[in-house]
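# Understanding the architecture of this molecule
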Amino acid sequence: MVRKELAFIGFALLFVSCMNGGTNSNVKQYKLDNYQVLNEYDFDTIGTIRDAIIYQKNIIITADNSNSCFHIIDTGSGNLIKSWGHEGRGPGEYIRIGRQLSINDSSLYFSDNGRKTLHSIPIDVLLSSGNEQNDGVNYPYTEVFRPTKFLALKDYVICLGAIKDMRFGLLDCKTGRIIPHDNYYMPHSEFIEGIYVGSVYQSIMQSNPLGNSFVISLLSSDYFEIFNIDNNHVHRVYEHKDATMPQVHIKAKIGTEYTIDYDKSLAGNVNVTTTKDKIYFLYSDVSYSEYSEKDEANYIKVYDWNGRHLEDLVLPFAVSRIIATENLLYCIKQDVDKVVIYTFGLDNIA
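None of the values given here were measured: they were computed from a predicted structure.

## Some words on the pairing of strand S25 (residues 328-334)
- Along S25, 6 of the 7 residues are buried, which leaves the element largely enclosed by surrounding structure.
- Linking strand S24 (residues 321-324) back to S25 in an antiparallel pair, the connection comprises 3 residues.
- Here S25 runs beside strand S26 (residues 338-345); their pairing, made up of 7 bridges, is antiparallel. Looking at S26, one finds that Gln334 is bridged to Val339.

Listed below in structure tokens is the structure:
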């Protein structure tokens, strides 16, 4: 106990910092004033969005919804063209859909965290009203390997969660087996033991649509890392060291476990979307507690896949999620009674 408390005190002294917004005055800022409404939808139809991605001309959403777990929206018309998937324990139902979607080999990839299975369904099957149900592939779940988020890219699956002594796990995309790999540890987390680093430090992630590159960003922070995988070897391309890290404190009632102090921690990077050339972070410079009251922000930081800060974008209003293509930015705003998707042009941005 003494060793852990001393380690924690050292950590707290090292990372006491103010939430100054983290903006770079040398980076050009663009105000995105011109936008269009793609469409708006009843909140009861869509539900609370867990994740949203784009594939060709379709936005695919997974949401907390008692009627349908998944939705496909046509970006040309804005029409909701398909909803499917029910949560439950019966045949063809999902117990608990994970909060990460990805596209791999023209298929939608997601997890059922309740059944501990990974699912891959061809997009053309979904669009043709084919059978969208399959049994999936079981993923490992043990005392020291407890993943909760899964990102598919080519031959691999990146896992985030409570994983002992690892920043993330690596699975074979077809079989779900664990692949040993070069590991990178969470910085300044040595006082948190075992698998609990991944429980305390939650993260978001996204992949490069064209290759085996991916980005992981720490929640309650603007810290992020860019990785590349080559022949089972993981290489860290970039680490954003000039970041405001989460403030951690000991849980008052337990005393030996830690949690994020959301009142003192920066909200930071709250959502991420990628294209083949750029990484877009929806960013908030207020505390995570203040941000979580509405779960919205209107500032976007843009980087390339080498970690170079390219530009910042300012939206005219706050949104909850962003989805980028090469020339368009789709922004999703969730209100009490409706979900609205806006489009912003990116052609005039260098």
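Next comes the rest of the description.
## Concerning the confidence of the model for the chain
- Looking at the chain, pLDDT values average 88 and 90% of them are 70 or higher.
- Scored below 50 in pLDDT, residues 1-21 makes 37 contacts in the model with residues more than four places away or belonging to other chains.

## Some thoughts on the sheet that holds strand S11 (residues 145-153)
- Within the open sheet, the 3 strands sit side by side as S11-S12-S13. Their pairing is antiparallel. Edge positions in the sheet fall to S11 and strand S13 (169-172), since each has one partner strand and no second. Mean inter-strand twist for the sheet, computed between neighbouring axes without regard to direction, equals 30 degrees.
- With 4 bridges joining them, strand S12 (residues 156-163) and S13 adopt antiparallel strand pairing. For Ile158, the partnering residue across the bridge sits in S13 and is Leu170.

## Concerning the packing of aromatic side chains
- Counting across every chain of the model gives 21 aromatic pairs.
- Residues Phe70 and Phe110 carry aromatic rings whose centres are separated by 4.7 Å and whose planes lie at 55 degrees to one another, so their mutual orientation is tilted. Highlighted residues: Phe70 in strand S5 (residues 70-74) and Phe110 in strand S8 (residues 107-112), separated in sequence by 40 residues. Phe110 matches Phe70 in its accessibility class, with the two residues each being buried.
- A ring pair is formed by Tyr262 and Tyr288, whose centres lie 5.2 Å apart and whose planes are at 40 degrees; its orientation type is tilted. Remark: Tyr288 occurs in helix H5 (residues 288-291) and Tyr262 occurs in the loop between strand S19 (258-260) and strand S20 (266-274); sequence separation between them is 26 residues.
- Through pairs of rings, three or more aromatic residues link up here, namely Tyr35, Phe317, Tyr342 and Phe344.
- The side chain of Lys82 reaches across the aromatic face of Trp84, ending 5.7 Å from its centre.

The rules we used
- Residues numbered from 1 in each chain as written.
- Predicted model: local features only at pLDDT ≥ 70, side-chain atom pairs only at ≥ 80, totals over all residues.
- Heavy atoms only, no water.
- Buried < 20%, exposed > 50% of the residue type's maximum accessible area, 1.4 Å probe, protein only.
- Helix = DSSP H or I, 4+ residues; strand = E, 2+ residues; numbered from the N terminus.
- Pairing = 2+ DSSP bridges.
- pLDDT = per-residue confidence, 0-100.
- Contact = heavy atoms within 4.5 Å.
- Axes fitted to C-alpha atoms, helices over the stretch in contact; angles between N-to-C directions.
- Phe/Tyr/Trp six-rings, centres within 6.5 Å; stacked < 30°, edge-to-face > 60°.
- Lys NZ or Arg CZ within 6 Å of the ring centre and 35° of its normal.

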